Each structure stands twice: as C-alpha cells, then as structure tokens.
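Overview (structure and organization)
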Amino acid sequence: MDKLNKKDYENLVNKKVPKPTYGKNMIMAFIVGGIICTIGQGFTNYLQSVGFNEEQVSTGVSIIMVFLGSLLTGLGIYDKIGKIGGAGAAVPITGFANSIVAPAMEYKSEGFIFGVASKMFIIAGPVLVYGVGSSIIVGLLSILFKG
Amino acid sequence: MEYIKTFIIGGAICVLGQIILDRTKLTPAHILVSFLTAGVILGGLGLYEPIAKFGGAGAKIPISGFGYSLSQGAIKGAQEKGIIGAFTGGLQATAGGIAAAILFGYTMAIIFNPKTKD
Amino acid sequence: MSLKKLGNRTVKLLNPPSIIGNYTIVGPKEGDGPLKNYYDQILDDDLWGQESWEKAESKIQEEAIRAAVDNAGLSIQDIDYLISGDLLNQIVASGYSARQLGIPYFGLYGACSTMTESLALGSMLIDGGFADNIICATSSHFSSAERQFRFPLEYAAQRVFSAQWTVTGSGATILSSYGSGPYITHVTPGKIIDPGIKDASNMGAAMAPAAMDTLIHHFRDTGFSPSDYDLIITGDLGLVGKSIVLDMMKKEGYDLTGIFTDCGVEVFDPQKQDTHAGGSGCGCSAVVFNGFVLKEMAKGRYKRVLFGATGALHSTLITQQGESIPSICHAITIDINSE
C-alpha cells in the first residue's frame, strides 16, 4: 500500500462510486422549486389584490414564505421535502428559513445563548455576510457610475 | 399564464442549483451563498430585472431574488441618500424577511425538537 | 526481546484470552435491519429517556457494558480494566459511561476502528498477565454523529450515494484469562494509510487501502492465507469500500471472494432502508461483531474469523482546512480453539 498511486486510486474510486441520478434529481428540483415559487406567486397576487404597494407585497411575501419554511422545518417535514427536491427545496427563501431553524432546534440542548441563538446562523450567517457586503459595494458603485 | 411563468423560472433556477450540487463537491450552503451573491451582482448590473419582470415570484422567491432585493435597495438608498444610503438600503429592503427568519427561527426552536431520521 | 511478535507487526498471543461474555444494544433502525435477530436489545426510542443524543449514546454504552458483565457471569468488581471509545469529541460517551461504572478506564480514539483497537489492546494486556477480566466497548449514535460531523437533523440536504449511515448502538465484549473460547489468537495493528481522499461523504474509499494494508501484513506475518479463515470481516467500509478491497486484493494475489464481507454492508438493507453505501460508526463493527459474528461462531458456523475494524482519523475542522482523510485498520484473529 506504500506504493499506492493517489491519482490511479482516485480514478478507481470514481468508477466505484454510484453516480447521482442526474435526470431524476433535476426533474424533482424543477417541480419542487416550481411549486414553492408558485405558492409565493399566489401570496403575491393576494397581497396585491388587497391593496398593498410593491414594497409591502415583496416584504409580506418574504415574511409568509419564511414562516412556512420555518413551520415545516419545526414539524419535521422540510427535511423530507429537501430529500426529494434537493436544490428545489434549498434555493427558495423557505430553504433559507430551514437553514436557520434546523440548527436553532438542534442546538437547543446547549442552551438558549450559545446553543439556539448563536448556532442559528451557522449557515445563514455566511449568506448575510456576502449578501449585505456585496450589496453595499453595488450601492457604492452605483454612486460612482451615476447617470 | 403568470403561474406557469413563475413555475418555469423558479424551477429553472433550482435546477441550476441541483446541477451544481450533483456535479461538484459544493454543499447547499455554498449554493445559498453563491446564488445570493449572484443575485446581488446581476441586480447591480441590471440583468436580474428582466428575469424578475418575466418570472415574478419565480425569480423573487429563490435566494437569488433576495440578493436582487438587497442590490435594488442599496442602489435606491445610494441614489437618494448617498454613501450612507448604500450602507442602509440593502438591509432596509430585506429587513422584513431577515427579521421574520430570526423571530420564527427562535420560536420554532423553542416549540419543536429535532427528530431522528429513519 | 519480544517473544510474541510475528514478522513485521503481528502479535501471536501465547496465552490467548477468551471471550466470555458480550452484549449489544441497537437503535430502532438497526433493529429493523437484516441482523435484527442477532441483537440482544433493540430500543424503541433512540433518545432512551435522555435529554440529548450524546447522553443517550453514553447510556446505551453503559447499559451494554453492564449487561455484558452480567452475561459473562461476573460483577463489576471482577473487572480489572475498561477499554472503550467512541466518535464524539473528547470521547465523552465513553468517559461519562465510565464515570457511572467505576472501573479503571482507558479511553481510546480510533474512530470506527475502536472495537478492534480495544480488543487488540485488551488481549495483549491479558496475555501479558496484567489483568484477568477486561471490558472492550464502543458506541456510536446516528444523531450525535450527524450534528458533530454533518448537518442538523432537520436541515434539508440530500445525501450522496457514497455516504454511509452512522449506526446507533453499542457492543461490549468481556475478555478473560479464563474461559473456553472463542479465543483471540493474533493481533495485527494497523498503520495509518492515506490515499488522498478528501470527501468526508466517501469514507469507504478513504479507509479501503488501510484495510488492505493490514490484511496483507497479517497474511505475510502469520503465513495464513485467506482460506485459513471461514470469514474475513472489515469494519465499516460499506458497499464502495468493500468492492474496492475485493478488486485490489485480487490484484495483490489474495482472492477473498465468498469469505469476505464488511460490517457496514451487513448491518443495513440499502434498498429497503435507504442507507446508500451502508452503515458506519464505532457501533457498526461493535454490534455486527458482538451480535452476528460471535453468535454465529457459538453456533459453529464460523470456526476462525479475521476481524478488522476500520477508522477514518479526521475531524471536520481539519477537513475544512483541505486535508485528506488518514485511515487505519486493526485486525484480530478469533478462533474457537486456542491453538
């Protein structure tokens, strides 16, 4: 085993590892992602119909979808949707909510400060860092290239 | 028709994520971060707007839409209030979603316990 | 001068210790698996009345140890040493179960290789005349391992096909200088082999070369061939690792077809239980060995078994730093005769 060539071994391993079911995964991601977005569209249309302005609709829909994602995670359903839908469940904002609620629940056993509250952001933290950080840069650039 | 467009755009963005998940070693956390940042950049370049116009919630519900809102907020803030606005605009536009995630995240953690997978 | 050393690294025990008692406790999913009739106790609830997965794992290990002592017809006071380990940071499942037991304790970390590591060291202690009765035990728990090594339970992530499922369970074995077998006759400690695999969802491939290295050295040192064994069983290589070992051992001139399997392959039914590449965790080899292997030896189906649990000695921290996964395999020979 001392003379094991890492490159050859990697090739052997790649042959042995079963490939993901690409086609099925893509179809399921499309369906699950599509359904979640369509539900969001339903809420959008409803909030518009009761006279919310554009900004209120956008915020309202976010809040509703985050609530649904959180609730389904709490009930132990969202991880099953994720198993079927893959990125179809991870990419929508409900998946963002799942990434916050799942660690918050999991680390309750370590208390409410260092457990729940600090571990809530193990996945969502980086999302906010890069999102907010890059948006500030975009805002500053927009001043530079104004007009 | 509107719902079909939403379904197709939303589904397509998720399929893109699935392809990256299956073909690379990246995790869902990487997908969330990169799609959000892509949404910010495309929003900044004005390229996400046509997708959002066409796809409605199909473009806004995926995390890239969250990035789009961040960039639109930051640009709007910067145009109206200058440098300070560039700092506050993004979070202002998305504050509802983030605040909701914090509140509901905490509440759900208090109410529910994680269950073993079977 | 070493009287008991054979060849490059194997030990031939001159006073082979006997296995005089053992016990297995598994979680509900394992209790639903193909080996369900071999386990001593199957839990309905893998939290077992505890507040956390870690405390549940510790309790499972403690109860398995107590029951194994009972099974050997001994009491806790008769035991000289407890040698145990697990997967949790600072091996707390073992430390906290040892706190309850009050037996002089050696904590081991060999990741999933801990079952054979503890049996190897326990055998040598008894053979050397340092003790009469020793407990060797390990445990793992799906939910405590998930949160430490992977994602929170409710996180919506897909598992890849090369990923393995951590076994919830514990196995304890009592070794004694007295007793009528089966005996541990040979010990071949492993060295660390790192084939450069960085993917923590592909442990089988990371550990397979370590298993091969130990098996080959065992055969060379002892002069045994695979046909001297009725069963050769490795730790938790799973389906991917097992298939690699079979292929590569053939190239090295050892045909293991028909006598070789892996605890991770046996413990679950991948189709029915959706476990992908099979089982893993310290508890995997512990429950398959103490449940399946020893019970089949008692029935007379196997007379001589080579058992090599495999372990991946990485952490999430160092994997994030870009390091590959170093692996190890310790092998022991279990024989119904002492000669």
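Every chain begins its residue count from 1, and numbering advances along the sequence as written. All chains are assigned letters beginning with A, and all ligands numbers beginning with 1, in the order in which they are written. Residue-level local features of this predicted model are given only where pLDDT is at least 70; pairs of side-chain atoms are given and counted only at 80 or more, and the full residue set underlies all totals for whole chains, interfaces and linings. Only hydrogens and water are set aside; all other atoms, that is, all heavy atoms of the structure, feed into the side-chain values.

Turning next to the interface of chain B and chain A. In this assembly, 66 residues from chain B lie in contact with 68 residues from chain A. Accessible area, probed at 1.4 Å, shrinks when two parts are joined; the buried area is that loss added up over both. Between chain B and chain A the total buried area reaches about 5,600 Å² when both faces are included, carbon and sulfur atoms providing 76% of it. Each salt bridge in this description consists of a side-chain nitrogen of Lys or Arg and a carboxyl oxygen of Asp or Glu lying within 4 Å of one another. The interface formed by chain B and chain A holds two salt bridges in total. Between Lys76 of chain B and Glu55 of chain A there is a salt bridge, with the nearest N and O atoms lying 3.6 Å from each other. In the analysis that follows, any N or O atom pair within 3.5 Å is treated as a polar contact, provided that within protein one partner can donate a hydrogen and the other can accept it, and provided that, for residues neighboring in sequence, both atoms belong to side chains. The interface formed by chain B and chain A holds 15 residue pairs in polar contact (both at pLDDT 80 or more) in total. For the side of chain B that touches chain A, the elements supplying multiple residues, two or more each, are α1 (2-23), α2 (28-44), α4 (57-60), α5 (63-81) and α6 (83-111) of chain B. Here the side of chain B that touches chain A takes 18 residues from α6 of chain B, the largest share from any one element. Class assignment for the residues of the side of chain B that touches chain A results in 42 nonpolar, 18 polar and six charged. Contacts are assigned to residue pairs with any non-hydrogen atoms lying within 4.5 Å of each other. For the purposes of this entry, the term helix denotes a DSSP run of H or I that reaches at least four residues, the term strand denotes a run of E that reaches at least two, and both are numbered from the N terminus. Under the grouping applied here, Gly and all other residues not named as nonpolar or charged are polar, the nonpolar ones being Ala, Val, Leu, Ile, Met, Phe, Trp, Tyr, Cys and Pro and the charged ones Asp, Glu, Lys and Arg.

In contact at an axis separation of 8 Å, helix α3 (residues 54-74) of chain A and α6 of chain B are set at 20° when each is read in the N-to-C sense. Relative to α6 of chain B, α3 of chain A is oriented roughly parallel. Where α3 of chain A crosses over α6 of chain B, the handedness of that crossing is right-handed. Between α3 of chain A and α6 of chain B, the contacting residues are Thr59, Ser62, Ile63, Val66, Phe67, Ser70 and Leu71 of chain A on the first element and Ala93, Gly96, Gly97, Ala100, Ala101, Phe104, Gly105 and Met108 of chain B on the second. By residue class, the composition of the contact of α3 of chain A with α6 of chain B is nine nonpolar, six polar and no charged. Axis geometry follows a simple rule: fit a line to the C-alpha atoms, using only the stretch in contact for helices, then measure angles between N-to-C directions, giving values from 0 to 180 degrees. Oblique is the label for any angle not under 35 degrees, not over 145, and not in the 65 to 115 range, which are roughly parallel, roughly antiparallel and roughly perpendicular in turn. Each crossing gets its hand from how the near helix is turned against the far one by less than a right angle, where anticlockwise is left-handed and clockwise is right-handed.

For Ser327 of chain C, the location among the structural elements is in strand β15 (residues 327-335). In terms of polar contacts, Ser327 of chain C uses its side chain to reach the backbone carbonyl oxygen of Ala206 of chain C, at 3.1 Å.

Empty space within the second largest pocket amounts to approximately 1,000 Å³. Forming the walls of the second largest pocket are 40 residues, and the residues nearest its centre are Glu54 and Ser58 of chain A together with Lys60, Tyr68 and Ser69 of chain B. Only α2 (22-49) and α3 of chain A together with α1, α3 (48-55), α4, α5 and α6 of chain B provide two or more residues apiece to the lining of the second largest pocket. When residues of the lining of the second largest pocket are assigned to their parent elements, the largest contribution, 10 residues, is made by α5 of chain B. Its residues assigned to classes, the lining of the second largest pocket comprises 10 nonpolar, 20 polar and 10 charged. Using a 1 Å grid laid over the protein atoms alone, points where a 1.4 Å probe fits but cannot get out form a cavity; open sets with protein on both sides within 12 Å along at least 5 of 7 lines form a pocket; any residue with an atom within 4 Å of a point counts as lining. Grid points are joined across faces, edges and corners, and a volume is the space filled by probe spheres set on the points.

Before going further, it helps to examine the nonpolar core. For our purposes a nonpolar core is just a set of buried Ala, Val, Leu, Ile, Met, Phe, Trp, Tyr and Cys residues, chained together by side-chain atoms within 4.5 Å. Buried residues are those whose accessible area, probed at 1.4 Å on protein chains only, stays under 20% of the maximum for their type, while exposed residues exceed 50% and partly exposed ones sit between those limits. In this structure, Val66, Val91, Ile93, Phe96 and Val127 of chain A together with Ile61 and Ile63 of chain B are the most contacted members of the largest nonpolar core, which totals 60 residues. When residues in this core are grouped by element, the largest group, eight residues, is from helix α6 (residues 93-106) of chain A. In this structure, Ile63 of chain B is in contact with Val91, Pro92, Phe96 and Val127 of chain A together with Leu32, Phe35 and Leu36 of chain B, ignoring residues within four places of it in sequence. Grouped together as the second largest cluster of nonpolar side chains are 44 residues, Val26, Leu231, Ile233 and Phe268 of chain C included.

Take the pairing of strand β3 (residues 18-26) of chain C next. Residues and elements named next belong to chain C. Of all nine residues in β3, eight are buried; the element is thus mostly enclosed. Of the strand pairs in this sheet, β3 and strand β9 (residues 169-176) are connected by eight bridges, and their pairing is antiparallel. Its bridge partner being in β9, Ser18 is matched across the sheet by Ser176. Paired strands, as defined in this entry, are two strands with at least two bridges between them according to DSSP. Note: β3 against strand β4 (residues 41-42), two bridges, orientation parallel. Paired with Ile25 across the strands is Gln41, a residue of β4.

With that settled, the discussion passes to the UniProt feature "transmembrane region" (unreviewed entry) in chain A. UniProt positions are given in the numbering used here, feature names are shortened, and annotations may be inferred rather than shown by experiment. Mapped onto this numbering, the UniProt entry annotates "transmembrane region" (unreviewed entry) at residues 25-44, 56-77, 84-101 and 121-145 of chain A. Secondary structure across residues 121-145 of chain A divides into 96% helix and 0% strand, with the first and last C-alpha atoms of the span separated by 34 Å.

With that settled, consider the packing of α5 of chain B against α6 of chain B. Residues and elements named next belong to chain B. Closest axis-to-axis distance for the α5/α6 pair is 6 Å, and the angle between their directions is 140°. Every pair of crossing elements has a handedness; the one defined by α5 and α6 is right-handed. Taken together, the residues of α6 that come into contact with α5 (itself represented by Phe66, Ser69, Leu70, Gly73, Ala74, Gly77, Ala78 and Lys81) are Ile83, Ile84, Gly85, Ala86, Gly89, Gly90, Leu91, Gln92, Ala93, Thr94 and Ile98. Taken together, the residues that form the contact of α5 with α6 break down as 10 nonpolar, eight polar and one charged.

By a widespread convention, an interface's size corresponds to the accessible area lost as its parts come together. Residues and elements named next belong to chain C. One can read the domain layout of chain C as domain 1 (5-176) and domain 2 (183-335). Where each domain starts and ends follows an automatic or database-derived domain assignment. Between the C-alpha centres of domain 1 and domain 2 there is a distance of 17 Å. Listed by partner, the interface residues are 61 residues for domain 1 and 64 residues for domain 2. Together domain 1 and domain 2 conceal approximately 4,800 Å² of surface at their shared face, both sides included; 62% is due to carbon and sulfur atoms. For the domain 1 face of the interface with domain 2, the top three residues by lost area are Arg9, Tyr38 and Gln164, together amounting to 18%.

You can see Gln79 of chain B is positioned in helix α5. Contacts of Gln79 of chain B, omitting those with residues within four sequence positions, involve Ser142 and Lys146 of chain A.

Bringing the interface of chain B and chain C into the picture now. Contact with chain B, which involves 11 residues of that partner, is made by 13 residues of chain C. Summing both sides of the interface, chain B and chain C together bury roughly 1,000 Å²; the carbon and sulfur share of this comes to 53%. Per-residue buried area on chain B facing chain C is highest for Pro114, Thr116 and Lys117 of chain B; these three make up 51% of the total on that side. Counting every contact that joins chain B to chain C gives one salt bridge. A salt bridge links Asp199 of chain C to Lys25 of chain B; its shortest N-O distance comes to 3.0 Å. Put simply, chain B and chain C have six residue pairs in polar contact (both at pLDDT 80 or more) between them.

What α3 of chain B keeps buried is the set Tyr48, Ala52 and Gly55 of chain B. One side of α3 of chain B carries all its buried residues, which in axial view fall inside an arc of 85°. In this structure, the buried residues of α3 of chain B make contact with α2 of chain A together with α1, α2, α4 and α5 of chain B. Taken from the helix axis, the directions to the C-beta atoms give the arc we talk about.

Before going further, it helps to examine the packing of aromatic side chains. All names here are of chain C. Stacked, tilted and edge-to-face pairs are distinguished by plane angle, under 30 degrees for stacked and over 60 for edge-to-face with tilted covering the rest, among Phe, Tyr and Trp rings (Trp via its six-membered ring) whose centres lie within 6.5 Å. Within the structure shown, the criterion is met by 13 aromatic pairs over all chains. Ring geometry for Tyr81 versus Phe106: centroids 5.5 Å apart, planes at 55°, classification tilted. Here Tyr81, found in strand β5 (residues 81-86), pairs with Phe106, found in strand β6 (residues 105-107); they are 25 residues apart in sequence, far enough to count as distant. The exposure class assigned to Tyr81 is partly exposed, which follows from its relative accessible area of 24%. Taking the centre distance of 5.9 Å and the plane angle of 90° together, the rings of Phe224 and Tyr229 count as edge-to-face. Residue classification places Tyr229 among the buried positions, given a relative accessible area of 2%. An aromatic cluster is built from Tyr38, Phe292 and Tyr302, whose rings are joined through pairwise contacts. Here, a charge over a ring means that NZ of Lys or CZ of Arg falls within 6 Å of the ring centre while also lying within 35 degrees of the ring normal. Against the face of Trp48 rests Lys59, its NZ or CZ located 4.5 Å from the ring centre. Over the face of the ring belonging to Phe224 we find Arg304, whose NZ or CZ atom lies 4.2 Å from the ring centre.

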